[in-house]
Amino acid sequence: MRPRHLATLAVAFAATLTLGALPAAAQGSLNVYCSAQVEWCQAAANAFQKETNIRVNVSQKGSGEVLAQIRAEAQNPRGDIWFGGTGDPHLQAAEDKLSAEYRSPMLDQLHDWARKQAEQSHYRTVGIYAGAMGFGYNPELLARRNAAPPACWKDLLDARFRGEIQMANPQSSGTAYVMIATIVQLMGEEPAFEYLKALHRNVNAYPRSGTGPIKAVARGETGVSISFVHDAVTERLGGFPVQYVVPCEGTGYEIGSMSIIAGARNERNARRFYDWALTPAAQQLGAETKQFQTPSNRNTPVPAEAPKMDQIRLIDYDFAKYGASAERRRLIERWDREVNSLP
Ligand code: PLP
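Residues numbered from 1 in each chain as written. Predicted model: local features only at pLDDT ≥ 70, side-chain atom pairs only at ≥ 80, totals over all residues. Heavy atoms only, no water.

**A closer look at the overall build of the chain**
Logical step 1: Within the chain, the secondary structure is distributed over 14 helices and 12 strands.
Logical step 2: What you see for the chain is a C-alpha radius of gyration of 19 Å, in line with the 20 Å of a compact globule of 343 residues.
Logical step 3: In terms of principal-axis extent, the alpha carbons of the chain reach across some 60 × 40 × 40 Å.
Logical step 4: The buried share of the chain, reckoned over its 343 residues, is 61%.
Logical step 5: Partitioning the intrachain contacts of the chain with sequence separation of at least 6 by distance along the chain shows that 78% fall at a separation of at least 24.
Logical step 6: Carbon together with sulfur atoms contributes 50% to the accessible area of the chain, which is approximately 13,800 Å² in total. (Helix = DSSP H or I, 4+ residues; strand = E, 2+ residues; numbered from the N terminus. Rg over C-alpha atoms; globule rule 2.2 N^0.38 Å. Buried < 20%, exposed > 50% of the residue type's maximum accessible area, 1.4 Å probe, protein only. Contact = heavy atoms within 4.5 Å. Areas by Shrake-Rupley, 256 points an atom, 1.4 Å probe, with all protein chains shown as cover.)

**What to know about the domain arrangement of the chain**
Logical step 1: If you check the domain split of the chain, you get domain 1 (12-130 + 255-307) and domain 2 (132-252 + 329-340).
Logical step 2: Computed from C-alpha coordinates alone, the two centres of domain 1 and domain 2 are separated by 26 Å.
Logical step 3: Facing 19 residues of domain 1, the contacting portion of domain 2 comprises 18 residues.
Logical step 4: Counting the contacts that link domain 1 with domain 2 gives 1 salt bridge.
Logical step 5: Arg208 serves as the salt-bridge partner of Glu65, at 2.8 Å between the closest nitrogen and oxygen.
Logical step 6: Seen at the junction of domain 1 and domain 2, the total is 6 residue pairs in polar contact (both at pLDDT 80 or more).
Logical step 7: Of all elements in the fold, only helix 3 (63-72) and helix 4 (87-95) reach the threshold of two or more residues within the side of domain 1 that touches domain 2.
Logical step 8: No other element matches helix 3, which puts 4 residues into the side of domain 1 that touches domain 2.
Logical step 9: Here the residues of the side of domain 1 that touches domain 2 sort into 4 nonpolar, 8 polar and 7 charged. (Domains from an automatic or database assignment. Salt bridge = Lys/Arg side-chain N within 4 Å of Asp/Glu carboxyl O. Polar contact = N/O pair within 3.5 Å; in protein donor to acceptor, adjacent residues only side chain to side chain. Nonpolar A, V, L, I, M, F, W, Y, C, P; charged D, E, K, R; others polar.)

**Overview of the nonpolar core**
Logical step 1: Membership of the largest hydrophobic core comes to 46 residues, with the highest contact counts inside it found for Trp153, Leu156, Met179, Leu196, Leu199, Ile226 and Tyr317.
Logical step 2: Mapped by element, the contributors of at least two residues to this core are strand 6 (126-137), helix 7 (174-187), helix 8 (189-200), strand 9 (224-228), strand 11 (253-261), helix 13 (319-322) and helix 14 (325-340).
Logical step 3: Per element, the largest residue contribution to this core is 8 residues, and it comes from helix 7.
Logical step 4: In this structure, this core is formed jointly by two domains, domain 1 (12-130 + 255-307) and domain 2 (132-252 + 329-340), each of which donates at least three residues.
Logical step 5: If near-sequence neighbours (up to four positions away) are discounted, Met179 is found in contact with Met133, Trp153, Met167, Tyr195, Leu196, Leu199 and Ile226.
Logical step 6: Membership of the second largest hydrophobic core comes to 35 residues, among which are Leu30, Val58, Ala100 and Ala118. (Core = buried A, V, L, I, M, F, W, Y, C linked by side-chain atoms within 4.5 Å.)

**Description of the side chain of Ser259**
Logical step 1: Mapped onto the elements of the fold, Ser259 is located in strand 11.
Logical step 2: Only 2.7 Å separates the side chain of Ser259 from the side chain of His90, close enough to count as a polar contact.
Logical step 3: For Ser259, the residues in contact, after removing those within four places along its chain, are Ile81, Trp82, His90, Ser99, Arg124, Thr125 and Tyr274.

**With respect to the site of the ligand**
Logical step 1: Close to the ligand lie 19 residues, the nearest being Ser63, Tyr129, Ser173, Thr175 and Glu254.
Logical step 2: Take Tyr129: an N or O atom from its side chain is 2.7 Å from an oxygen atom of the ligand.
Logical step 3: Interatomic distance of 2.9 Å between a backbone N/O atom of Gly174 and an oxygen atom of the ligand.
Logical step 4: Within the complex, the protein chains bury 98% of what would otherwise be the 400 Å² of accessible surface of the ligand.
Logical step 5: Those elements giving two or more residues to the shell around the ligand turn out to be helix 7 and helix 10 (229-237). (Near = heavy atom within 4 Å.)

**Comments concerning unusual backbone geometry**
Logical step 1: Phi is positive for Asn53, which is not a glycine, with a value near 65 degrees.
Logical step 2: Note that Asn53 resides in the loop between helix 2 (38-52) and strand 3 (55-60).
Logical step 3: Here the phi dihedral of His122 falls at roughly 55 degrees; this positive angle occurs in a residue that is not glycine.
Logical step 4: Looking at the element boundaries, His122 is found in the loop between helix 5 (112-120) and strand 6.
Logical step 5: For His122, a relative accessible area of 58% gives the class exposed.

**Comments concerning the packing of aromatic side chains**
Logical step 1: Throughout the structure, instances matching the rule amount to 13 aromatic pairs.
Logical step 2: Arranged with centres 5.4 Å apart and planes meeting at 55 degrees, the rings of Phe48 and Trp276 form a pair that is tilted. Highlighted residues: Phe48 in helix 2 and Trp276 in helix 11 (residues 267-277), separated in sequence by 228 residues. For the residue pair Phe48 and Trp276, the accessibility class agrees, reading buried in each case.
Logical step 3: Ring geometry for Phe135 versus Trp153: centroids 5.1 Å apart, planes at 85 degrees, classification edge-to-face. In this pair, Phe135 sits in strand 6 while Trp153 sits in the loop between helix 6 (139-144) and strand 7 (165-166), placing the two residues 18 residues apart along the sequence. Residues Phe135 and Trp153 agree in their burial class; the two are buried.
Logical step 4: Linked through ring pairs, Trp40, Phe48, Phe83, Tyr129, Phe273 and Trp276 together constitute an aromatic cluster. (Phe/Tyr/Trp six-rings, centres within 6.5 Å; stacked < 30°, edge-to-face > 60°.)

**Section: the pairing of strand 11**
Logical step 1: The element strand 11 is extensively covered by neighbouring structure, given that 9 of its 9 residues are classed as buried.
Logical step 2: Neither face of strand 11 is open: one carries Tyr253, Ile255, Ser257, Ser259 and Ile261, the other Glu254, Gly256, Met258 and Ile260, and all of them are buried.
Logical step 3: Pairing geometry for strand 6 and strand 11, over 6 bridges, is antiparallel. When the sheet's bridge partners are listed, Val126 is paired in strand 11 with Met258. (Pairing = 2+ DSSP bridges.)

Here it is as structure tokens:
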């Protein structure tokens, strides 16, 4: 098991992928910042490049990291479009005018929750998928430790999970922020921070990436992760002993989003990618790369393996409040000050 602070300090990894050579009639380029799984980022870039002859460069990073990068580059934007990642930091970017307004002709084809994300941001972002938060666990490892799997948020505080839980660091990971915002909405802020402090005793690491904890469960490095449940399906299909559970008290969810970066040098190509990414054909690339979120276009088939969102007890996640710039920053800073600093 890795010490908590080592994992927290793990060197930031950014996969920068440039796709193969194009024929002579190349149609310019597009720089995609991608906060979905790298396999999906790459498949989307490949397919779009093939279809349009636009050269696509992809850089994969967590949702919080892309937001920080876009902010740092605001005077001289290097990215054109931000594809995927949890919705709260996309809403924060919209509020801070780091993303550009665009009303895609595809909006009419989307589920209400995805369109609402666009309306709420004054058309500076849009929902591309949804996914619920829960726990992943390794049944073999828990059986060896004689520990029954968790069923509820409150179970994660139990001594049987001492040093056995991973969640990501909310400074870099949108997934971890959804977890914190979920606990605050379920319990109220003060009890939520008492909960997060108590949980800290059982957490062995806060890795950078939202998918780090479930991958650690799959590899048998930790018994339990706090993750999106669709990520557990991906690991299970990869042949690893992974199960998931949705907490009994109810849980939060993400509206994975997409935004055009304000001042993008390749804005026309970014709009073309945006429209394309909302089509059923493009959205199916998620399932083809074993990503089982619920797609936002009503006509995209929901993968059979995707967790059934309508059977999950979801809270009425307040995206306007928890995606607001000041609130998101405040909660993450409070977590860092009061929880992450604990021994
Ligand atoms: N990977 C998958 C499969 C996701 O569903 C999400 C959330 O949108 C992310 C990655 C986001 O990663 P992070 O929590 O590192 O921002």
